[in-house]
Amino acid sequence: MSLARSGQRRCYVRIEVSTQVKQPNGSMKTEWQPYISLWAAIETLKGMEKASSATTWPKADQKITFRYVVGILPTMRVYYQNVIYSILNVNNVDTRNREIVLTTETGVKAI
């Protein structure tokens, strides 16, 4: 598998990590903080609509490719142009620490 050329990485994305913040009333709230911003390639793999409880929303699966970064986990998410991508899988291509391919989806994800 060849590495993506830098010209193909034309999307400047932000990878975010969730943190638990204690509210004044004592309850905990999930907030998303920036982990790293970088250039990536985003490729749509498939799209569909999901229906649940008389509500329909669009859903799509994407492949996001970027240079290797330490610490990327499936519990994180990717933010790009007002769209949130939930990370399903993190693949360190050929375990060479040169490139990461994320399998992601857009749509509703319970946290």
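Residues numbered from 1 in each chain as written. Predicted model: local features only at pLDDT ≥ 70, side-chain atom pairs only at ≥ 80, totals over all residues. Heavy atoms only, no water.

Before going further, it helps to examine the overall build of the chain. Looking only at helices and strands, one finds zero helices and six strands in the chain. In the chain, the order of α-helices and β-strands from amino to carboxyl end is β-β-β-β-β-β. Sequence-distant contacts in the chain: of pairs separated by 6 or more residues, those separated by 24 or more amount to 50%. Entry remark: accessible area of the chain is about 7,400 Å², with carbon and sulfur atoms responsible for 50%. (Helix = DSSP H or I, 4+ residues; strand = E, 2+ residues; numbered from the N terminus. Contact = heavy atoms within 4.5 Å. Areas by Shrake-Rupley, 256 points an atom, 1.4 Å probe, with all protein chains shown as cover.)

A word on the pairing of strand β5 (residues 83-92). The pairing of strand β4 (residues 77-80) with β5 spans four bridges and is classified as antiparallel. Among the inter-strand pairings, Y79 is bridged to a residue of β5, identified as I84. Counting the residues that bridge the hairpin from β4 to β5 gives two residues, and of these Q81 lies at a positive phi of roughly 45°. Direction of pairing for β5 relative to strand β6 (residues 99-106): antiparallel, over a ladder of seven bridges. Each residue of the ladder has a partner; that of N91, found in β6, is V101. Hairpin connection, β5 to β6: the antiparallel pair is bridged by six residues, and D94 has positive phi, about 55°. (Pairing = 2+ DSSP bridges.)

Turning our attention to the nonpolar core. Side chains of nonpolar character tend, in soluble globular proteins, to be buried together. Residues F66, I72, V78 and L102 are the most contacted members of the largest nonpolar core, which totals 16 residues. At the level of elements, β1 (11-22), β2 (28-52), β3 (55-67), β4, β5 and β6 are the ones that each hand at least two residues to this core. Element by element, the count of residues in this core is highest for β1, at three residues. Beyond its immediate chain neighbours, meaning those up to four positions away, I72 contacts I15, Y35, F66, V90, I100 and L102. (Core = buried A, V, L, I, M, F, W, Y, C linked by side-chain atoms within 4.5 Å. Buried < 20%, exposed > 50% of the residue type's maximum accessible area, 1.4 Å probe, protein only.)

A residue-level look at the chain finds 77% of positions with pLDDT of 70 or above and a mean pLDDT of 85. Taken element by element, the predicted model of the chain shows its lowest mean pLDDT in β3 (78) and its highest in β4 (96). (pLDDT = per-residue confidence, 0-100.)

Mapped onto the elements, A41 comes out in strand β2. When the C-alpha atoms of A41 and Q62 are compared, they prove to be 10.0 Å apart, with 21 residues separating the residues in sequence.

Further remarks concern the packing of aromatic side chains. Per the counting criterion, the structure on display carries one aromatic pair. Ring centres 4.9 Å apart and planes at 55° place the aromatic pair Y12 and W39 in the tilted group. Within this pair, whereas Y12 is found in strand β1, its partner W39 is found in strand β2, the two being separated by 27 residues in sequence. (Phe/Tyr/Trp six-rings, centres within 6.5 Å; stacked < 30°, edge-to-face > 60°.)

The next point concerns the environment of V93. Here V93 is to be found in the loop between β5 and β6. Judged by its relative accessible area of 7%, V93 is buried. Linking V93 and Y68, residues 25 residues apart in sequence, is a C-alpha distance of 9.0 Å.

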